[in-house]
Amino acid sequence: MTDNQPTAKENFLFPRSKYWGEFTPQQLAFNANLQEFAQRVSLVCNLETGGKMSADEAYDQIKRLWKDLKQSKANLLDAAAPPPELPPEE
């Protein structure tokens, strides 16, 4: 197995789904960030449910994760597209 291939354990703990939306590098990067957000929120919820983390700690972590995701969206998807190049005048 190469270093780039995730192990069975990593695949189980951190599954990745294919991206089926309109492809742009920004969309793909945001999709990866969204999947990571969902995985981390799930982990935090499970830790809180299992008594390993307080509800306040869980809330604070999820709130921070949400802020990070919003910033990612602003940087990747909401950023103004560069204006199209105009043809040279003759």
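Computed from a prediction, not measured in an experiment: that's the story for all the values here. (Residues numbered from 1 in each chain as written. Predicted model: local features only at pLDDT ≥ 70, side-chain atom pairs only at ≥ 80, totals over all residues. Heavy atoms only, no water.)

### Brief notes about the nonpolar core
Side chains of a nonpolar character, in soluble globular proteins, are inclined to be buried together.
So, point 1. Residues Phe30, Phe37, Val41, Leu65 and Leu69 constitute the largest nonpolar core, which totals 5 residues.
So, point 2. Counting only elements with at least two residues in this core, the list comes to α2 (25-49) and α3 (55-76).
So, point 3. With near-sequence residues (within four places) excluded, Val41 lies in contact with Ile62 and Leu65. (Core = buried A, V, L, I, M, F, W, Y, C linked by side-chain atoms within 4.5 Å. Buried < 20%, exposed > 50% of the residue type's maximum accessible area, 1.4 Å probe, protein only. Helix = DSSP H or I, 4+ residues; strand = E, 2+ residues; numbered from the N terminus. Contact = heavy atoms within 4.5 Å.)

### Observations concerning the packing of aromatic side chains
So, point 1. Evaluated as defined, the whole model comprises 1 aromatic pair.
So, point 2. Centroid distance Phe37 to Trp66: 5.9 Å. Interplanar angle 55°. Geometry classified as tilted. Of this pair, Phe37 sits in helix α2 while Trp66 sits in helix α3, and the two are 29 residues apart along the sequence.
So, point 3. On the basis of relative accessible area, Phe37 is assigned to the buried category, the value being 17%. (Phe/Tyr/Trp six-rings, centres within 6.5 Å; stacked < 30°, edge-to-face > 60°.)

### So, α3
So, point 1. Here α3 is 22 residues long and its end C-alpha atoms lie 31 Å apart, about the 32 Å a rise of 1.5 Å per residue gives.
So, point 2. Those residues of α3 not exposed but buried are Ala58, Leu65, Leu69 and Ser72. Down the axis of α3, the smallest arc covering the buried residues is 55°, so these residues share one side. Pointing more than 90 degrees away from the buried face of α3 are the exposed residues Asp56, Tyr59 and Lys67.
So, point 3. Against the buried residues of α3 lie α2. (Expected span 1.5 Å × (residues − 1). Arc of directions from axis to C-beta.)

### Describing the packing of α2 against α3
So, point 1. Closest axis-to-axis distance for the α2/α3 pair is 10 Å, and the angle between their directions is 175°. The pairing of α2 with α3 is recorded here as roughly antiparallel in orientation. Across from Gln26, Ala29, Phe30, Asn33, Leu34, Phe37, Arg40, Val41, Val44, Cys45 and Glu48 in α2, the residues of α3 making contact are Ala55, Ala58, Gln61, Ile62, Leu65, Trp66, Leu69, Ser72, Lys73 and Leu76. (Axes fitted to C-alpha atoms, helices over the stretch in contact; angles between N-to-C directions. Parallel < 35°, antiparallel > 145°, perpendicular 65-115°, else oblique.)

### Focus on α2
So, point 1. Taking 1.5 Å per residue as the helical rise, α2 with its 25 residues ought to reach 36 Å, and the 36 Å between its terminal C-alpha atoms agrees with that figure.
So, point 2. Looking only at α2, the buried set comprises Phe30, Asn31, Gln35, Phe37, Gln39, Val41 and Val44.
So, point 3. Where the residues of α2 are buried, they touch α3.

### Some thoughts on the pattern of salt bridges
So, point 1. Within this structure, the stated rule accounts for 2 salt bridges.
So, point 2. Of the charged contacts in the structure, one is a salt bridge between Arg40 and Glu36, with a shortest N-O distance of 2.9 Å. Of this pair, Arg40 and Glu36 are both found in helix α2, 4 residues apart, which corresponds to roughly one turn of the helix.
So, point 3. Judged by its relative accessible area of 29%, Glu36 is partly exposed. (Salt bridge = Lys/Arg side-chain N within 4 Å of Asp/Glu carboxyl O.)

The analysis is restricted to geometry; functional conclusions fall outside its scope.
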